[in-house]
Amino acid sequence: VKQLGLVDELKERLAGLEKEQEDLLVYLADQEQQAKESRAKLRGYGEAIPPSDDEDGEDDGDDEE
């Protein structure tokens, strides 16, 4: 009986951690989007903003332009 209670507790903790991880991933994606938009605005104002690591990956020749 103790083991079943422990298993249930661990399942609840895991579910909570998975939810927290998903929330953090969503937050990170929002931050990355805001940073990308801010860099684009600054470049529009003529500021010399170096590309970020993720922007380097975007310019890998896959564009269909």
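Residues numbered from 1 in each chain as written. Predicted model: local features only at pLDDT ≥ 70, side-chain atom pairs only at ≥ 80, totals over all residues. Heavy atoms only, no water.

### Here's the deal with the overall build of the protein
Note the threshold: A run of DSSP states H or I qualifies as a helix once it reaches four residues; a run of E qualifies as a strand once it reaches two. Both are numbered from the N-terminal end. Here the Shrake-Rupley method, with its probe set to 1.4 Å, supplies the accessible areas, and only the displayed protein chains count as covering residues.
Counting its secondary structure elements, the protein contains 2 helices and 0 strands. When the accessible surface of the protein is summed, it comes to about 6100 Å², and 53% of that surface belongs to carbon and sulfur atoms.

### Quick notes on the pattern of salt bridges
Applied cut-off: A carboxyl oxygen of Asp or Glu within 4 Å of a side-chain nitrogen of Lys or Arg is what we treat as a salt bridge. For each residue, the accessible area found with a 1.4 Å probe, counting protein chains only, is set against the maximum for its type, and the residue is called buried under 20%, exposed over 50%, and partly exposed in between.
What the rule picks out here adds up to 1 salt bridge. For Lys-19, the salt bridge is made with Asp-23, and the minimal N-O distance between the two is 2.8 Å. Of the two residues, Lys-19 and Asp-23 are both situated in helix α1 (residues 2–44); the distance of 4 residues between them amounts to about one turn of the helix. You can call Asp-23 partly exposed: its relative accessible area is 40%.

### Here we look at α1
Condition: The length a helix should cover is 1.5 Å for every residue beyond the first.
With 43 residues, α1 should cover 63 Å at 1.5 Å per step; its first-to-last C-alpha distance of 63 Å lies within 8% of that length. Trailing α1 by a residue or two, Gly-46 shows a phi angle of about 90 degrees, which is positive.

### Here we look at the confidence of the model for the protein
Quick note on the threshold: A score from 0 to 100, pLDDT tells how confident the predictor is in each residue. Only heavy atoms matter for contacts: two residues are in contact if any of them lie within 4.5 Å across the pair.
For the protein, per-residue confidence averages 85 on the pLDDT scale, and 82% of positions sit at 70 or higher. Segment residues 59–65: pLDDT under 50, and 1 contact once partners within four positions in sequence are set aside and those in other chains are kept.

### So, the environment of Ile-49
Inspection of the secondary structure puts Ile-49 in the loop between α1 and α2 (53–58). When its relative accessible area of 25% is taken as the criterion, Ile-49 is described as partly exposed. As for Ile-49 and Arg-39, which are separated by 10 residues in sequence, their C-alpha atoms are 6.7 Å apart. In this structure Ile-49 touches Arg-39, Leu-42 and Arg-43, once residues within four positions along its chain are discounted.

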